[in-house]
Amino acid sequence: MTSSEGRLRRLLRSRILGPSIDGQIDEELDVHTELVVRELMAEGFDEPAARREALLRLGDRRQVAEACHRQARGYERTLRRGVLWDELRQDLVYAVRQLRRARSFTLLAMLTLAVGLGATTALFSVVHGIVLRSFPFAHPERTVLLLEQFRDEGSEFSVGNYVDLCARDRNFEAIAAMNFLALNLAEGTEPERVVAATVNGDFFKVFGISPQLGRTFDGSETEPGHEAVAVLSYALWRSQFGGDRAVIGRVVHLSSQGYRIIGVMPPSFDPTGSHEKLWVPFVFTPAQRAQHDEHYLDVVGLLKKDSSLEATKAEMGVGMRELTRRFPNANTGRSAVRLQTISAWVLGDLPHRLYILLGAVGLVLLIACANVASLLLARGTTRQSEFALRAAIGAGSRRLVRQLLTESAVLGLAAGALGALIAEALLKIFVRLAPPDIPRLDEVGVDGAVLGFALVISLGASVLFGLVPALRSGRQGPHSLLRGGMSSVGRHYDLLRSGLVACEVALALTLLVGAGLLIRSSIHLQNLPLGFDAAGAEVSRIGLPESAYPQPRAVVAAFEQIVAGLQQQPGVRFAAAGSGTPLGRGATNNGLLPEGLPFAPENLIDSMLHVVTPSYFQTLRIPLVAGRTFTTADRSGGERVMVVSRTLARRAFGDRNPIGKRLACCEEDPAARMHTVIGVVGDVRTRGPAAEFAPEFYVPITQTPAEGWTWLQRTLTLVVRSDSRAMATAALRKAVHDVDPTLPVAVTSFGEGLDARLAEQRFHTALLLGLGVLGFLLATVGIYTVVAYFVHQRTREIGIRLTLGASRMRIVQHLTTQGAVPLIGGLLIGAAAALGTSHWLEGQLYGVTAKDPLTFVAVIAVLGLTGWLAILVPALRAMRIDPRRAIADI
Amino acid sequence: MQKTTSDRLRGTLDALVLTALSNGPLHGYGISRWLANRSSKALRVEEGTLYPALYRLERVGSIDAEWGMSELGRRARFYRLSPAGEQQLAVEVRTFAEFIAAVSPILLPQLSRGETA
């Protein structure tokens with residue numbers, strides 16, 4: 001018992017049980033001492049001497065008092081615990097000594113384990129940081145995103161639908177609509193383009209996060225008749241306003257309109273992972289409130305405590321169908337409402353992919369455990385005499401098992417500590433190499449939960465690899481020492497080792513099949529035709545503020561002027577402007593109706609609109625398939641024309657020639673609806689390199705639909721092909737600022753943008769490949785060590801066989817056959833396991849099925865061949881055994 | 001369960017203490033004096049052994065304790081044999097007798113041999 005514990009106990013007793021037992025003992029011992037003193041004085045001592053002697057006899061008073069305490073409270077229990085603790089301490093000391101003695105074994109086992117534990121811990125910290133940790137909202141489980149259900153997809157809400165359906169719903173404590181908008185912030189020397197969220201309703205109440213500075217706006221400020229206000233993100237406050245606290249109350253100009261800054265949010269506030277830099281109220285106009293078409297609002301809400309997700313969804317679905325009945329044209333194909341927590345929406349399928357990686361890393365850890373287990377088994381055989389001796393001098397078999405498990409635990413914990421360091425390093429590499437659009441990646445780190453996880457898996461692994469060898473040696477009594485010699489390797493051992501080999505092969509195969517499938521997908525994606533040429537093109541998104549360019553005509557004129565100016569700049573070969581450029585944002589879809597078909601939902605072809613200048617196709621190198629592209633003669637007021645993509649042409653007109661056919665779209669006015677198809681161009685993967693081709697159509701910028709500039713937020717992407725990136729950048733700045741010096745210009749490379757889209761897929765593949773290779777190497781080493789050890793143990797037997805006339809070839813054959821059985825078994829089990837689990841990858845496979853025969857055959861061949869080599873090499877060594885020396889060793 | 005060596009030693013000490021109390025209540029010092037006198041001073045039970053044993057016996061209910069006046073005029077704790085203690089004493093004495101009976105034929109000849117050597 002430690003003295004602090006004793007003190008606590010005494011304290012408790014004195015408080016709870018009344019008079020202190022301590023005082024009682026003290027008093028008793030005092031009386032005793034006095035009586036002894038009297039006795040001694042009677043025997044002739046003088047008083048001081050008697051007192052000295054009496055105290056001496058009593059010994060350590062505190063110890064006596066504590067012993068009395070223990071007795072008064074139940075001594076036996078403490079005693080038993082003490083014995084256990086003593087034995088554990090002995091085992092620990094013994095384990096450390098044993099491990100230090102077998103230095104090369106310890107080093108090999110520890111490194112193998114540490115790599116497995118480190119990789120697993122690193123990946124767990126990623127999963128923990130991104131998926132498991134709750135989102136920084138007041139009530140993450142009730143904070144939801146709402147979407148309209150449009151056919152098979154989720155779609156944004158229209159203002160009309162939001163006002164009529166969401167804003168009235170009683171299931172929400174707070175609800176808000178938001179839209180993203182690029183604004184030109186005139187602050188400092190150069191105007192900057194910042195992404196803002198315009199929000200309506202109780203946006204900040206939905207998330208329950210207080211501002212760091214000032215205040216946020218409430219529902220009333222998004223109603224008409226209030227001053228325009230803005231809340232800044234922490235990042236914008238630091239970068240553009242120098243973190244000045246006096247910024248509250250100041251008026252800033254955003255796209256030429258004044259806003260009063262009322263607050264600054266904390267750095268972690270990025271509720272939808274959209275990285276918007278500020279929030280401004282979205283005041284709906286009466287026209288917008290009546291508009292049920294034009295679906296562009298993201299709706300977020302905080303469900304009431306007693307409202308369930310499913311019930312609310314069902315209830316709102318009824319309301320949505322009612323709206324579709326009332327506004328059939330605006331709500332075609334919209335039959336329900338989607339509701340999911342924001343965390344699920346932000347993370348998307350990321351948790352699934354991360355769990356696959358975690359599973360893969362778990363397989364690597366299992367292989368590492370199998371390796372260490374076989375090393376321990378090998379050591380177990382060499383340590384048999386040690387165990388036998390210990391058993392003979394009275395160690396019970398349970399005690400031996402406990403001691404071996406202690407050894408494993410010490411090994412596991414040491415490896416775990418090393419693994420934690422490895423995890424920290426791996427994590428740094430992971431975060432640096434990972435594509436930047438993974439949400440919450442910057443918050444990933446090693447913390448208490450992660451260390452706890454590392455501790456648990458280290459102990460778990462210790463039991464996993466330590467238990468079987470420990471039980472084996474526990475079962476061997478002292479008799480094995482007597483037996484010793486020839487047959488010290490029991491059949492069990494061989495079975496166990498064969499089992500381990502089979503497991504390792506099966507685990508490695510499962511891993512490699514997964515990696516193989518993803519690699520094939522990557523190759524497929526890399527070779528997929530994009531339909532346009534991104535290399536050597538630079539892009540810049542330019543938005544014109546509504547206040548300065550209220551009329552569509554002014555917008556068109558400005559863009560035409562900018563493109564014309566661009567084409568005059570030195571080094572520029574092609575220049576164009578367009579909306580909905582591949583990989584870019586700001587695409588809008590419209591339902592197209594081929595002429596002659598009745599207006600019905602099933603006849604509408606949902607297609608992506610592109611508003612482009614005539615040079616667009618040439619600049620992006622989108623091939624013309626039939627007809628012609630636009631010329632400067634296609635002006636507003638002339639015949640309305642459009643160019644369609646191949647997929648749209650086929651969808652709308654089948655095999656018939658589409659040129660000259662007409663499609664209705666984009667306008668309320670029936671007279672303006674019809675567009676004549678003048679050309680067909682190749683399909684483009686606008687939505688990303690992995691996306692399927694979709695119907696798309698192009699209209700000349702001069703014939704932009706009436707509402708088009710609102711849909712596009714007066715924003716187009718400029719694309720330039722020139723001799724160098726520097727030239728393109730200079731040209732873009734010059735051409736834009738010649739027209740309007742207040743417009744911000746940020747230039748990016750088209751090719752790099754494309755790479756970024758593929759980066760996540762590539763990163764994921766690289767990780768799984770890395771794990772596959774690691775598992776593969778571990779498994780190969782594992783097979784090799786098992787067979788090599790087996791040969792080493794059989795040296796004498798092989799020597800005898802050779803002396804008795806067995807041919808060397810025969811010995812090799814015998815050994816390889818013995819090794820091949822678990823190898824083949826492992827391959828079969830692994831193939832079955834891979835077939836059973838590869839469908840988890842399905843969502844990430846492109847151009848290859850989850851049961852791709854080529855991948856399976858290739859992986860089995862590679863693993864089989866390598867495994868066979870790992871068997872053959874030690875077997876061939878057996879061939880060189882000198883029979884005389886082998887037998888002489890007996 | 002078979003009794004181990006430490007059980008036996010403790011059992012012997014218990015038996016000695018219980019015997020001392022079988023003639024009436026005594027305080028701790030009284031018990032050690034009684035044992036010393038009875039064994040012609042051969043047996044000296046140390047305080048560090050005696051008092052923990054008293055607390056243990058009190059906990060298991062073999063003895064009861066109450067405050068009384070010592071010969072010094074200060075109060076001291078007096079221990080008294082309980083009915084359970086009387087039973088325990090009988091058991092301990094019998095066990096001890098069996099032990100002596102079992103061990104004596106083996107060990108006593110050693111004694112005479114040690115004397116002759």
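Model, not experiment: these values are computed from the prediction.

Let's shift gears to the overall build of chain B. The helix and strand tally for chain B stands at four helices and three strands. The long-range fraction of contacts in chain B, counting pairs at least 24 apart against all pairs at least 6 apart in sequence, stands at 46%. For chain B, the exposed surface amounts to about 7,000 Å²; the carbon and sulfur share of it is 58%.

Scanning chain A from N- to C-terminus turns up 29 helices and 23 strands. The buried share of chain A, taken over its 890 residues, is 51%. Long-range pairs, those at least 24 residues apart, make up 80% of the contacts in chain A with a sequence separation of at least 6. A total accessible area of about 41,000 Å² is found for chain A, and carbon and sulfur atoms account for 58% of it.

All names here are of chain A. Along its 12 residues, helix H3 (residues 47-58) runs 16 Å from first to last C-alpha, staying within 8% of the 16 Å computed at 1.5 Å per residue. Those residues of H3 that fall on the buried side of the exposure criterion are Ala49, Ala50, Ala54 and Leu58. Positive backbone phi, at 75°, marks Gly59, one or two positions downstream of H3.

The interface of chain A with chain B comprises 26 residues on the first partner and 24 residues on the second. The tally of links from chain A across to chain B stands at three salt bridges. Residue Glu39 of chain A pairs with Arg33 of chain B through a salt bridge whose shortest N-O separation is 3.0 Å. Elements represented by at least two residues in the side of chain A that touches chain B include exactly helix H2 (21-42), H3, helix H4 (61-73) and helix H5 (75-101) of chain A. Among the elements that make up the side of chain A that touches chain B, the one with the highest residue count is H2 of chain A (14 residues).

Residue and element names in this part refer to chain A. On inspection of all chains with the given rule, the structure shows 25 salt bridges over all chains. For the salt bridge of Glu53 with Arg57, the shortest nitrogen-to-oxygen distance reads 3.3 Å. Here Glu53 and its partner Arg57 are both found in helix H3, four residues apart, which amounts to about one turn of the helix. Look at Glu53 and you get partly exposed, because its relative accessible area is 27%.

All right, on to the state of the cysteines then. All names here are of chain A. Following the criterion strictly, the structure yields one disulfide over all chains and no others. For Cys665, the disulfide goes to Cys666, at an S-S distance of 2.0 Å. Taking the torsion about the sulfur-sulfur bond, which here is approximately -70°, the covalent link between Cys665 and Cys666 counts as left-handed. The exposure class of Cys665 is buried, given its relative accessible area of 0%. Classification of Cys666 as buried rests on a relative accessible area of 15%.

Another aspect to go through is the sheet that holds strand S3 (residues 75-81) of chain B. Paired through their backbone hydrogen bonds, the strands of a sheet run either parallel or antiparallel. Residue and element names in this part refer to chain B. Taken in spatial order, the three strands make up an open sheet running S1-S3-S2, and their pairing is antiparallel. In this open sheet, the two edge strands, each paired with only one partner strand, are strand S1 (26-27) and strand S2 (63-69). Sheet topology places S1 next to S3; two bridges connect them, and they run antiparallel. Paired with Leu26 across the bridge in S3 is Tyr79. Against the sheet, helix H3 (residues 47-60) touches S2 and S3, its axis set at about 55° to S3.

Okay, the confidence of the model for chain A next. Caution applies to low-pLDDT regions: their predicted coordinates should not be interpreted in detail. Residues and elements named next belong to chain A. Averaged over chain A, the pLDDT score is 84; the fraction of residues at 70 or greater is 91%. Least confident of the elements in chain A is helix H17 (residues 479-483), whose mean pLDDT is 42; most confident is strand S18 (residues 641-645), at 95. Counting contacts from residues 1-7, a segment whose pLDDT is below 50, to residues more than four positions away or on other chains yields three contacts. Within the model, pLDDT remains below 50 along residues 477-490, and this stretch shows 11 contacts once partners closer than five positions in the same chain are excluded.

Now for the environment of Val612 of chain A. Residue and element names in this part refer to chain A. With respect to the helices and strands, Val612 occurs in strand S16 (residues 605-612). Residues Val612 and Pro700, spaced 88 residues apart in sequence, show a C-alpha to C-alpha distance of 5.2 Å. Once you skip the residues sitting within four places of it in the chain, Val612 turns out to touch Ala577, Gly578, Phe617, Phe630, Tyr698, Val699, Pro700 and Ile701.

What follows covers unusual backbone geometry. Note: most peptide bonds trans; most residues except glycine with negative phi. Residues and elements named next belong to chain A. Notably, Arg440 is not glycine yet its phi reads approximately 65°, a positive angle. For Arg440, the position within the fold is in the loop between helix H15 (397-433) and helix H16 (448-475). Backbone geometry at Gln713 places phi at a positive 55°, although glycine is not the residue there. Mapped onto the elements, Gln713 comes out in the loop between helix H23 (708-711) and strand S22 (715-722).

Now for a nonpolar patch on the surface. Residues and elements named next belong to chain A. The grouping of Val463, Leu467, Val468 and Leu471 at the surface amounts to a nonpolar patch, some 290 Å² of accessible area in total. Within the element layout of this structure, Leu471 appears in helix H16. When its relative accessible area of 40% is taken as the criterion, Leu471 is described as partly exposed.

The next thing to look at is the nonpolar core. All names here are of chain A. Residues Ile130, Phe203, Trp279, Val300 and Phe465 are the most contacted members of the largest nonpolar core, which totals 119 residues. Sort the elements by how many residues they give to this core and helix H13 (residues 350-382) lands first, with 19 residues. One finds Leu566, Leu609, Phe653 and Leu718 within the second-largest nonpolar core, a separate group that totals 44 residues.

All names here are of chain B. Interaxial distance between helix H2 (residues 28-38) and H3 falls to 11 Å at its minimum, and their mutual angle equals 120°. Relative to H3, the element H2 is oriented oblique. As H2 packs across H3, the resulting crossing turns out to be right-handed. Across the interface between the two elements, Gly28, Tyr29, Ile31 and Ser32 of H2 pack against Leu50, Tyr51 and Leu54 of H3.

Moving on, we come to the confidence of the model for chain B. Residue and element names in this part refer to chain B. Summary statistics for chain B give a mean pLDDT of 81 and a share of 85% for residues scoring 70 or more. Mean pLDDT values for the elements of chain B range from 78 in helix H1 (residues 5-21) up to 92 in S1. Quick note on the complex model: pTM equals 0.68, ipTM equals 0.86.

All names here are of chain A. Relative orientation of the contacting elements helix H19 (residues 552-568) and helix H24 (residues 725-739) amounts to 140°, with a least axis distance of 9 Å. Compared by their axis directions, H19 and H24 come out oblique. Taken as a pair, H19 and H24 cross one another with a handedness that is right-handed. Judged by residue contacts, Ala558, Gln561, Ile562, Gly565 and Leu566 of H19 engage Ala731, Leu732, Ala735, Val736 and Val739 from H24. For the contact of H19 with H24, a count of residues per class yields eight nonpolar, two polar and no charged.

Okay, H24 of chain A next. All names here are of chain A. With 15 residues, H24 extends 22 Å between its outermost C-alpha atoms, agreeing within 8% with the 21 Å of an ideal straight helix rising 1.5 Å per residue. By the burial criterion, the buried members of H24 are Ala728, Thr729, Ala731, Leu732, Ala735 and Val736. Along H24, the residues classed as buried sweep out an arc of 165° about the axis, all on the same side. In H24, the exposed positions angled more than 90 degrees off the buried face are occupied by Ala726 and Asp738. Summarising the contacts, the buried residues of H24 are in contact with strand S13 (537-543), H19, strand S14 (572-578) and S22.

On to the side chain of Asn331 of chain A. Residue and element names in this part refer to chain A. Note that Asn331 resides in the loop between helix H11 (309-326) and strand S12 (334-341). Given the relative accessible area of 0%, Asn331 is considered buried. Here the side chain of Asn331 touches Leu323 through a polar contact of 3.5 Å, landing on its backbone oxygen. When sequence neighbours within four positions are dropped, the list of residues in contact with Asn331 reads Asn161, His292, His295, Met320, Leu323 and Thr324.

Basis of the calculations
Residues numbered from 1 in each chain as written. Chains lettered and ligands numbered in written order. Predicted model: local features only at pLDDT ≥ 70, side-chain atom pairs only at ≥ 80, totals over all residues. Heavy atoms only, no water. Helix = DSSP H or I, 4+ residues; strand = E, 2+ residues; numbered from the N terminus. Contact = heavy atoms within 4.5 Å. Areas by Shrake-Rupley, 256 points an atom, 1.4 Å probe, with all protein chains shown as cover. Buried < 20%, exposed > 50% of the residue type's maximum accessible area, 1.4 Å probe, protein only. Expected span 1.5 Å × (residues − 1). Salt bridge = Lys/Arg side-chain N within 4 Å of Asp/Glu carboxyl O. Disulfide = S-S within 2.5 Å. Pairing = 2+ DSSP bridges. Axes fitted to C-alpha atoms, helices over the stretch in contact; angles between N-to-C directions. pLDDT = per-residue confidence, 0-100. Patch = residues over 30% accessible without salt bridge, like charges linked within 9 Å, V, L, I, M, F, W, Y side chains within 5 Å. Core = buried A, V, L, I, M, F, W, Y, C linked by side-chain atoms within 4.5 Å. Parallel < 35°, antiparallel > 145°, perpendicular 65-115°, else oblique. Left-handed = near helix turned anticlockwise from the far one by under 90°. Nonpolar A, V, L, I, M, F, W, Y, C, P; charged D, E, K, R; others polar. Arc of directions from axis to C-beta. Polar contact = N/O pair within 3.5 Å; in protein donor to acceptor, adjacent residues only side chain to side chain.

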